[in-house]
Amino acid sequence: MISKTLSLSLAGAAALLLSASPAVAQHGGDHGTMTQRADSAAAKAGIAEGTVKNGVRTVEMQVTEDGFVPSKIKAQKGEKLRLVITRKTDRTCAKEIVIQDAGVNQPLPLDKAVTVEVTPKKSGELKYACGMGHITGVVFIP
Ligand SMILES: [Cu+2]
């Protein structure tokens, strides 16, 4: 909607990140290390930060054959994060997005933008996933 170029470049970045991502996601305990890793990864590979307007951070997301694109997002504690998600393929099992820690379980119709809003209440990571939990992404909250 806003920028096809942005979506495409994020898709490329996410694809590059796929092999490297699980290690970062598993380190819930060490916030200092986690933040540093998230920041350096952002610098290298462009963790999506979306755009902030009127105190709301909006990130456009797609579900493609690479999974959730972007699969890494940086948001802020206490700031509303609005995900505008469009599922572009029937060829994955990600037909919904589940953000367990935020009580979200949102079906994703094909080719239709769906909005999910969460406001992170604490620093750390908010994981998002398909219903079975094997296609995943992470929101980093410094
Ligand atoms: Cu799945």
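The shown structure was predicted, so the numbers you read here are calculated from the model rather than taken from an experiment.

## Overview of the nonpolar core
Here is step 1 of the chain: Among the nonpolar cores identified, the biggest contains 24 residues, and F68, I73, L83, I97 and I99 are the most heavily contacted of them.
Here is step 2 of the chain: Of all elements in the fold, only β2 (56-64), β5 (80-87), β6 (96-99), β8 (113-118), β9 (124-129) and β10 (136-141) reach the threshold of two or more residues within this core.

## Focus: the pairing of β10
Where a strand is regular, its side chains alternate between the two sheet faces.
Here is step 1 of the chain: Among the 6 residues that make up β10, 5 are buried, leaving the element largely enclosed by the rest of the structure.
Here is step 2 of the chain: Between β9 and β10, which follow one another and run antiparallel, lie 6 residues, and G133 among them has a positive phi close to 80°.

## A look at the side chain of E79
Here is step 1 of the chain: Residue placement: E79 occurs in the loop between β4 (72-74) and β5.
Here is step 2 of the chain: You can call E79 buried: its relative accessible area is 14%.
Here is step 3 of the chain: When residues no more than four places from it in sequence are discounted, the contact partners of E79 are V52, G55, R57, V118, T119 and P120.

## A few points about the pattern of salt bridges
Here is step 1 of the chain: Inspection of the entire model under this criterion finds 6 salt bridges.
Here is step 2 of the chain: Here E65 and R91 are joined by a salt bridge, their closest N and O atoms 3.5 Å apart. Residue E65 is found in the loop between β2 and β3 (67-69), and its partner R91 is found in the loop between β5 and β6; the two are separated by 26 residues along the sequence. Of the two residues examined, E65 and R91, each falls in the exposed class.

Procedures and definitions
- Residues numbered from 1 in each chain as written.
- Predicted model: local features only at pLDDT ≥ 70, side-chain atom pairs only at ≥ 80, totals over all residues.
- Heavy atoms only, no water.
- Core = buried A, V, L, I, M, F, W, Y, C linked by side-chain atoms within 4.5 Å.
- Buried < 20%, exposed > 50% of the residue type's maximum accessible area, 1.4 Å probe, protein only.
- Helix = DSSP H or I, 4+ residues; strand = E, 2+ residues; numbered from the N terminus.
- Pairing = 2+ DSSP bridges.
- Contact = heavy atoms within 4.5 Å.
- Salt bridge = Lys/Arg side-chain N within 4 Å of Asp/Glu carboxyl O.

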